[in-house]
Amino acid sequence: MAALSLPSGHCPHPRWRPPWRRSSRGGRKRILNCTQPSGAEPPGGPGPGRHHGLLHGQLEPAGRRGLLPVGRGGGLGPGDGDLGLAGRSGAWWEGVPGRGAGIRSGLWALAGLRALAPPLTALHCLSVCPSVRSPARSKFELYTMEWGLREDLRDCLVAAAPYGGPIALLKNNARKEKSPSARPLLEIYSASGLLLASIPWKSGQLVQLGWTASEDLLCIQEDGTVLIYNLFCEFKRHFSMGNEVLQNHVLEAKVFHTEYGTGVAILTGAHRFSLTTNIDDLKLRRMPEVPGLQKPPSCWAVLTQDRVTIVLLAVGQDLYLLDNTSCSVVTPPGMSPSAGAYLQMAVSFNYRCLALFTDTGYIWMGLATLKDKLCEFNSTIRSAPKQMVWCTRPRSRQRAVVLAWDRQLMVAGNSTECIRFVLDEDSYLVPEPDGVRILSRTSHEFLHEIPEASQEIFKIASMAPGALLLEAQKEYEKESQKADEYLREIKDQKLLPEAVSQCIEAAGYEHEPETQKSLLRAASFGKCFIDKFPPESFVRMCQDLRVLNSIRDYQIGIPLTFTQYKRLTIEVLLDRLVLRRLYPLAIRICEYLRLPEIQGVSRILAHWACYKVQQKDKSDEEVAYAINQKLGDTPGISYSEIAARAYDCGRTELAIKLLEYEPRSGEQVPLLLKMKRSKLALSKAIESGDTDLVYTVVLHLKNELNRGTFFMTLQNQPVALSLYRQFCKHQERETLKDLYNQDDNHQELGNFHVHSSYSEKRIEGRVGALQNAVDEYYKAKNEFAAKATEDQIKLLRLQRHLQEDFDKPYLDLSLHNTVSTLIQDGHHKKAEQLYREFKIPDKRYWWLKISALATRGDWEEMEKFSKSKKSPIGYLPFVEIAVKHHNRYEAKKYAPRVTPEQRVKAFILVGDLEQAADAAIEHKNEAEMNLVLSKCSASTDSAVMEKLNRARAQLLKK
């Protein structure tokens, strides 16, 4: 928006004090942007009187126009008549060029902006630089502070968290008395001035307070110890900044934020810097020494460049940059040679911009990389400001800093002019992403650059689509035909969608609900004349504003702007409400926005339950019942986490009761083990059916209990005992033996000795183990296992003798393999001996022998063996084994000896299809005939096929 400038000779006196007006909240608002001597009248109009103001584009009623000093004649339009709402129609300047230009160029102050109906507390302050485009800035009251401070803020250590966060005060910090009544008092307030908590400070001398990104309070002591408290002054933990800081003490400290987390930087009494970039992952860095530094720097700041944290400090007219390894002298580009010594520096909220203030009143603004200059300004004030902070909007090209002295506030930026505010009391500046909060004993205000959408709608004589749509809606409510004129003007330019979007966007930037409603009504009105306008942006803005208005309430005290809300995200906002223990409001917001239960209501209820278990004024039964009644089976709720919090608070019985509601045994068991309720944990693990969980508990019990008690505990839990036995079989064999001995389980002891025998390397040890197994099997009255084990002992001894006699490995072979190996090696008598001693069945022995002889290729011995006596397995196996070893000649010897039922198969195996056909015809078996036919070839076996076909035909005739 173009700055409203004054005609030549009409600049108000710089020391004129403007009037105040009482806001709807009871606070006072300054409505002019520059000052004039007391009693002086503004040029072109009367002196201070009633309300001076432009109400968001609505001009004051008749009789008040003189309160808006304008051009040389002081008139507002043709004939100096009453404007009413004609400022929107444009009739008051059309045809009178001099007059129309006069109101825009001659207006020297823009008063407090409000909604079109009730007055708004916002003050739109515009710079008064002729012919220079400068951003409009607004300072409006957030809250009238009722914290009842008796001390000035300058006498307290103050720290306010960004994003409308809480305010920490340390009172009486400068007092040295040691009496309890004189101890410093640490207090934490909401942004609206409501006391959240307070404690007497009993620790060391505090140097600095600061807030983490998660709204934990950092208290930095003179000895380098950093104590961390939550919002309710409850101690969480502490850490030290190192021995060097302890020895040299802390002169100054700063809390900063990077992508790594919240960091702390320290200037020690030895004029050295130490810092950590993340207090949650503490890694201390000692910065390089500044050559010749004999006194503390006049000012310093922490910067981030290329993901590296560095320190910039000023000593006189020199700037030093400290990185991880070196100290270098830097000079800001475009810095005036006569700028003087540096007194103050400020880094922007996003750490991208830097401002420097010198003892000549010169202000340099540029990038934090010190490579580019943005602008400069000469304030003409030589004393150092108490504070200097940046005041910019995200993605805005305008740059400005706010400087605070004892009784004066200055906004300096791109323009050659500045905005000055007179302060009635000591103030404290809190930088925000899109502006600056101003704290004092009685008020809490917000200064920011007015967004472009708001400027376009509410600036004087605006013809922007949004401004016309807003006026059209108001005329429509009055049932005036002007509504149609405004709408036609917008539609003729095809700007109605833009007008609706402009009103929606502007509504988000307004702080007063009535102004929001007015803009949203205009947007809703405009939507009715647009085909297929997507409603998502309108609905989302209504939802966002309802959420913002609820948290801005005095009792809640989180004055987030729309820009901050979008950067913070709804998830983080809900976390902050939970931190403040505002559970009902958080749940209502989740329900209103229809967030998934696991991300919204369930998570908040879980936090509520964790807080509930800390209240010790009720019995365990009452608390557990209340929590279960509230939570029930809500998805995403973990009763085990709530129980863990109860246990941490020393309420073990309550934790156990809460675990009864936990449906997941995997969540119950670890906590029960932590609480030393191992037997209950074992029962829960067994009930779950999860073997891994049972193993976890059993192994925990084993380490916790002595051996005897452990075994007795397992005796009462058969499932756990069985699983532990399985574990011991693979991991602890000796423990398994003890278990069996305790149970007198001779059968399993016998099995244990058999298994153990195979780990023995010497044959005597193996035989001894097997003999122990035999004894146990007899005690268990398992004669079969005992006899089998005795046979194994006998076989082992025979194998040892065979190995010694034939110098060939026979140990660990089975009985069958031993016999087969002996036959293959030609030791037929030894094989016969084993056959008789171990009473191998005849059929098995014949199979073993013919297989071994065929493998050896001893066909002659095989033929002798077949004739030694009648084969118990028949002669088809002889045919099959000979064919398997590709010896059909030998196979043909045994085919005629095969029984008639198997003879066809035998002849087919040896390839004698003619005899196979004769055998099939002789048996008069059609299936066998078909089998032989399937093996015949038409070219070579035609005679056989003919014979079989005739036989089949004769068989079918019968």
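All values reported here derive from a predicted model rather than from experimental measurement. (Residues numbered from 1 in each chain as written. Predicted model: local features only at pLDDT ≥ 70, side-chain atom pairs only at ≥ 80, totals over all residues. Heavy atoms only, no water.)

1. Considering the overall build of the chain
Counting its secondary structure elements, the chain contains 35 helices and 34 strands. Per-residue burial for the chain yields a buried fraction of 51% across its 958 residues. Intrachain contacts of the chain at a sequence separation of at least 6 include 51% that bridge at least 24 residues. With the model as given, the accessible surface of the chain reaches about 44900 Å², and the carbon-plus-sulfur share is 48%. (Helix = DSSP H or I, 4+ residues; strand = E, 2+ residues; numbered from the N terminus. Buried < 20%, exposed > 50% of the residue type's maximum accessible area, 1.4 Å probe, protein only. Contact = heavy atoms within 4.5 Å. Areas by Shrake-Rupley, 256 points an atom, 1.4 Å probe, with all protein chains shown as cover.)

2. Brief notes about helix α25 (residues 783-806)
Relative to the 34 Å expected for 24 residues at 1.5 Å per residue, α25 spans 34 Å between its end C-alpha atoms, a close match to the ideal helical length. By the burial criterion, the buried members of α25 are Ala785, Ala786, Thr789, Ile793, Leu795, Leu796, Leu798, Gln799 and Leu802. Contacts from the buried residues of α25 go to α24 (763-779), α26 (815-824) and α27 (828-837). Where α25 terminates, the next one or two residues include Asp807, which has phi positive at roughly 50°. (Expected span 1.5 Å × (residues − 1).)

3. Re the sheet that holds strand β26 (residues 362-367)
Pairing within the open sheet is antiparallel, and its four strands lie in the order β24-β25-β26-β27. On the outer flanks of this sheet lie β24 (342-347) and β27 (373-378), each paired with one strand and no other. When strand polarity is set aside, the average angle formed by the axes of neighbouring strands in this sheet is 15°. Two elements, β24 and strand β25 (residues 353-358), share five bridges in a ladder whose sense is antiparallel. Note that in β25 the partner of Ala346 across the bridge is Ala355. (Pairing = 2+ DSSP bridges. Axes fitted to C-alpha atoms, helices over the stretch in contact; angles between N-to-C directions.)

4. Structural notes on helix α21 (residues 718-731)
The end-to-end C-alpha distance of α21, which contains 14 residues, comes to 20 Å, matching closely the 20 Å that a straight helix rising 1.5 Å per residue would cover. If you check which residues of α21 are buried, you get Ala720, Leu721, Leu723, Tyr724, Phe727 and Cys728. One side of α21 carries all its buried residues, which in axial view fall inside an arc of 165°. Opposite the buried face of α21, at more than 90 degrees from it, the exposed residues are Pro718 and His730. Buried residues in α21 make contact with α18 (678-688), α19 (691-704), α20 (707-715) and α22 (733-743). (Arc of directions from axis to C-beta.)

5. Observations concerning the pattern of salt bridges
Scanning all chains against the criterion turns up 40 salt bridges. For Arg651, the salt bridge is made with Asp620, and the minimal N-O distance between the two is 2.9 Å. Taken together, the residues Arg651 in the loop between α15 (639-648) and α16 (652-659) and Asp620 in helix α14 (residues 620-631) connect sequence positions 31 residues apart. Through salt bridges that share partners, Glu863, Lys867, Glu890 and Lys893 make up one connected network. (Salt bridge = Lys/Arg side-chain N within 4 Å of Asp/Glu carboxyl O.)

6. Concerning the environment of Pro297
Note on placement: Pro297 falls in the loop between β19 (285-286) and β20 (299-305). With 17 residues separating them in the primary sequence, Pro297 and Ala314 have C-alpha atoms 5.6 Å apart. If we skip the residues at most four places from it in the chain, Pro297 touches Glu252, Leu267, Phe273, Leu313, Ala314 and Val315.

7. Examining the sheet that holds strand β14 (residues 225-229)
Judged by pairing direction, the sheet is antiparallel, and its four strands sit side by side in the order β12-β13-β14-β15 without closing on themselves. The open sheet is flanked by β12 (206-211) and β15 (235-240), the only strands paired with a single partner. Along the sheet, successive strands turn relative to each other by an average axial angle of 20°, direction set aside. The pairing of β12 with strand β13 (residues 217-221) spans five bridges and is classified as antiparallel. By the bridge assignment for β13, Leu206 is matched with Gln221.

8. A look at the packing of helix α13 (residues 601-612) against α14
It is at 11 Å that the axes of α13 and α14 come closest, and there the two elements cross at 170°. With respect to each other, α13 and α14 are oriented roughly antiparallel. Contact with α13, carried on its side by Leu605, Trp608, Ala609 and Lys612, involves Val623, Ala626, Ile627, Lys630 and Leu631 of α14 and no other residues of that element. (Parallel < 35°, antiparallel > 145°, perpendicular 65-115°, else oblique.)

9. Considering the packing of helix α5 (residues 465-477) against helix α7 (residues 496-509)
Packing of α5 against α7 leaves a shortest axis separation of 8 Å and a crossing angle of 80°. Taken as axis vectors, α5 and α7 run roughly perpendicular relative to one another. Contacts between α5 and α7 involve Pro465, Gly466, Ala467 and Leu469 on the former and, on the latter, Leu496, Glu498, Ala499, Val500, Gln502 and Cys503. The residue inventory of the contact of α5 with α7, partitioned by class, reads seven nonpolar, two polar and one charged. (Nonpolar A, V, L, I, M, F, W, Y, C, P; charged D, E, K, R; others polar.)

10. Some thoughts on the nonpolar core
Leu469, Ile551 and Ile627 are the most contacted members of the largest nonpolar core, which totals 99 residues. Ignoring sequence-local partners within four residues, the contact set of Ile551 consists of Tyr143, Ile556, Gly557, Ile558, Leu560, Leu573, Leu577, Leu585 and Ile589. (Core = buried A, V, L, I, M, F, W, Y, C linked by side-chain atoms within 4.5 Å.)

11. Details of the side chain of Thr821
For Thr821, the position within the fold is in helix α26. Setting aside residues up to four positions removed in sequence, Thr821 forms contacts with Lys808, Tyr810 and Leu813.

12. Considering the confidence of the model for the chain
Interpreting fine coordinate detail is not advised for predicted regions of low pLDDT. Taken as a whole, the chain shows an average pLDDT of 80; of its residues, 85% reach a score of 70 or greater. The low-confidence segment residues 1-134, where pLDDT is below 50, has 308 contacts with residues more than four positions distant or belonging to other chains. (pLDDT = per-residue confidence, 0-100.)

13. Overview of unusual backbone geometry
Its identity is not glycine, yet Leu370 carries a phi of approximately 60°, on the positive side. Secondary-structure assignment places Leu370 in the loop between β26 and β27. By relative accessible area, Leu370 is classed as buried at 10%. With a phi close to 50°, Asp807 is a non-glycine residue in the positive phi region. On the basis of relative accessible area, Asp807 is assigned to the exposed category, the value being 71%.

14. Describing the pairing of β14
β14 sits mainly inside the fold: five of its five residues count as buried. Every second residue of β14 is oriented toward a common face, with Thr225, Leu227 and Tyr229 on one face and Val226 and Ile228 on the other, all of them buried. Examined bridge by bridge, β13 and β14 share four bridges and lie antiparallel to one another. By the bridge assignment for β14, Leu217 is matched with Tyr229. Hairpin connection, β13 to β14: the antiparallel pair is bridged by three residues, and Gly224 has positive phi, about 90°. Pairing geometry for β14 and β15, over five bridges, is antiparallel. The residue of β15 that forms the bridge with Ile228 is Arg237. In this antiparallel pair of consecutive strands, β14 and β15, the connection spans five residues, and Cys233 shows a positive phi of 60°.

15. With respect to the packing of aromatic side chains
Scanning the model with the defined rule gives 18 aromatic pairs in all. Judged by centre distance (5.8 Å) and plane angle (80°), the rings of Tyr163 and Phe349 are edge-to-face. With a gap of 186 residues between them, Tyr163 in the loop between β8 (157-160) and β9 (167-171) and Phe349 in the loop between β24 and β25 connect regions that are remote in the sequence. On the numbers, 5.0 Å between centres and 65° between planes, the contact of Phe273 with Trp300 is edge-to-face. Taken together, the positions of Phe273 in strand β18 (residues 273-276) and Trp300 in strand β20 put the pair 27 residues apart, joining distant regions of the chain. Overall, the relative accessible area of 3% leaves Trp300 in the buried class. In this structure an aromatic cluster arises from ring pairing among Trp846, Phe865, Tyr875, Phe878 and Tyr894. Here the guanidinium or amino end of Lys139 rests over the ring plane of Phe421, the centre of that ring lying 4.8 Å away. (Phe/Tyr/Trp six-rings, centres within 6.5 Å; stacked < 30°, edge-to-face > 60°. Lys NZ or Arg CZ within 6 Å of the ring centre and 35° of its normal.)

16. Some thoughts on the state of the cysteines
All told, the structure shown has zero disulfides when counted by the stated rule. No disulfide involves Cys233; its sulfur sits 8.1 Å from that of Cys219, the nearest cysteine. A relative accessible area of 8% means that Cys233 is categorised as buried. (Disulfide = S-S within 2.5 Å.)

17. Description of the environment of Arg307
Topologically, Arg307 is positioned in the loop between β20 and β21 (308-315). For the pair Arg307 and Tyr260, spaced 47 residues apart in the sequence, the C-alpha separation amounts to 8.9 Å. Beyond its immediate sequence surroundings of up to four residues, Arg307 is in contact with Glu259 and Tyr260.

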